[in-house]
Amino acid sequence: MKENGAFMTFNQFKEKYEINTDCITYIGCVQAIKSYILKTGLTIDNNMSNHMIKTLKVIYSGQKGARLYYEVLIQDANKPKCCEKWETKLNTDINWNTSFKKIQKIREIKLKWFQIRLVQRILATNVVLAHMGVEKDVTCSFCGKERDAIEHIFWRCEHVKRFWEQLQTVVNNACANGLFVNLNESIILFGHDCSFKSDDTFDLIILLA
Ligand SMILES: [Zn+2]
């Protein structure tokens, strides 16, 4: 930065520090810092570095144990964007703590990644693929009628619903505790709903299904 706190141009930067880099990388770094400044509400008045940065202050504060760091990490109470989107889409409140705890418990890495993508809404449905120009059709590949949204392909599609009905019959008949299990959208998508308490085995069955 220059003395007044403004960013140097690429040429000024190169001249001063003699670092071999390209303009795009430099601008990328500057943009990243600018958006960080905006996000954290920092103000920059000059190019002097703080004699002790916030993180070091915490580390040198003398407290022992990991609690201190843990508290810093869990401070961010903002819900991920996907949560709001799901709640609007499904018009219901979802216990996200339970959803994310269930994801943490998944051991198989591919299944875990799959469930993360589902909850974060980053699965490549036909809608997403059409947006990227890979697919032309945004409708569901199974029924060909409805929009290929995540909630559609995993629960609402008539073809998929038949599969869940069959699975529910199997669970109701074969499992002693499964007699009253009534699958619904929330259980299929997030692994739980407020109506019943599942165990790890049940969670795995739903995930695999
Ligand atoms: Zn469909």
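Model, not experiment: these values are computed from the prediction.

Below, the discussion takes up the overall build of the protein chain. The number of helices and strands found in the protein chain is twelve helices and zero strands. Sequence-ordered secondary structure for the protein chain, helices as α and strands as β, is α-α-α-α-α-α-α-α-α-α-α-α. Burial analysis of the protein chain (209 residues in total) assigns 30% to the buried set. If you take every contact in the protein chain between residues at least 6 apart in sequence, the share linking residues at least 24 apart comes to 43%. For the protein chain, the accessible surface area stands at approximately 15,700 Å², while carbon and sulfur atoms represent 55% of it. Computing the positive centroid from 28 side-chain charges and the negative centroid from 23, the protein chain places the two 4 Å apart.

Two side chains bearing opposite charge may form a pair once their charged atoms approach each other closely. The tally for this structure, following the rule as stated, stands at six salt bridges. Close ionic contact of Glu151 with Lys89 constitutes a salt bridge, the shortest N to O distance being 3.8 Å. Of this pair, Glu151 sits in helix H9 (residues 150-156) while Lys89 sits in helix H5 (residues 81-90); the two residues are 62 residues apart in sequence, bridging distant segments of the chain. Residue classification places Glu151 among the buried residues on the basis of a relative accessible area of 6%. When its relative accessible area of 35% is taken as the criterion, Lys89 is described as partly exposed.

Attention shifts here to the domain arrangement of the protein chain. As far as domains go, the protein chain holds domain 1 (10-74) and domain 2 (81-122 + 150-208). One C-alpha centre belongs to domain 1, the other to domain 2; they are set 40 Å apart.

All right, on to the nonpolar core then. In this structure, Trp86, Phe154, Leu183, Leu189 and Phe190 are the most contacted members of the largest nonpolar core, which totals 29 residues. Secondary structure elements with two or more residues in this core: H5, helix H6 (96-105), helix H7 (109-119), H9, helix H10 (158-174), helix H11 (185-190) and helix H12 (200-208). Sequence-distant contacts of Leu183, defined by excluding residues within four places in its chain, comprise Trp155, Trp164, Leu167, Gln168, Ile188, Phe202 and Ile206. Membership of the second largest hydrophobic core comes to five residues, among which are Met8, Phe13, Tyr26 and Val30.

Taken residue by residue, H5 has Cys82, Cys83, Trp86, Glu87 and Leu90 as its buried positions. The arc that holds every buried residue of H5, seen down its axis, measures 135°, which confines them to one face. More than 90 degrees from the buried face of H5, the exposed residues found are Lys81, Glu84 and Thr88. In this structure, the buried residues of H5 make contact with H6, H7, H9 and H11. Positive phi shows up at Asn91, right after H5, with a value of about 55°.

On to the coordination of the zinc ion. Distances from the zinc ion to its protein donors, Cys140 (SG), Cys143 (SG), His152 (NE2) and Cys157 (SG), fall within 2.0 to 2.3 Å. Each of the four donor atoms bound to the zinc ion contributes to angles spanning 104 to 116°, and the resulting shape is tetrahedral. Of note, the zinc ion draws all its donor residues from one chain, in the sequence arrangement C-x2-C-x8-H-x4-C. Taken together, the residues Cys143 in the loop between helix H8 (126-131) and H9 and Cys157 in the loop between H9 and H10 connect sequence positions 14 residues apart. By relative accessible area, which is 15% here, Cys143 ends up buried. Judged by its relative accessible area of 0%, Cys157 falls in the buried class.

Cut-offs used in this document
Residues numbered from 1 in each chain as written. Predicted model: local features only at pLDDT ≥ 70, side-chain atom pairs only at ≥ 80, totals over all residues. Heavy atoms only, no water. Helix = DSSP H or I, 4+ residues; strand = E, 2+ residues; numbered from the N terminus. Buried < 20%, exposed > 50% of the residue type's maximum accessible area, 1.4 Å probe, protein only. Contact = heavy atoms within 4.5 Å. Areas by Shrake-Rupley, 256 points an atom, 1.4 Å probe, with all protein chains shown as cover. Lys, Arg positive; Asp, Glu negative; His and termini not counted. Charge placed at Lys NZ, Arg CZ, Asp CG, Glu CD. Salt bridge = Lys/Arg side-chain N within 4 Å of Asp/Glu carboxyl O. Domains from an automatic or database assignment. Core = buried A, V, L, I, M, F, W, Y, C linked by side-chain atoms within 4.5 Å. Arc of directions from axis to C-beta. Donors = N, O, S within 2.8 Å, 3.2 Å for Na, K, Ca; no water. Tetrahedral: all angles 85-135°; square planar, octahedral: opposite > 155°, others 65-115°.

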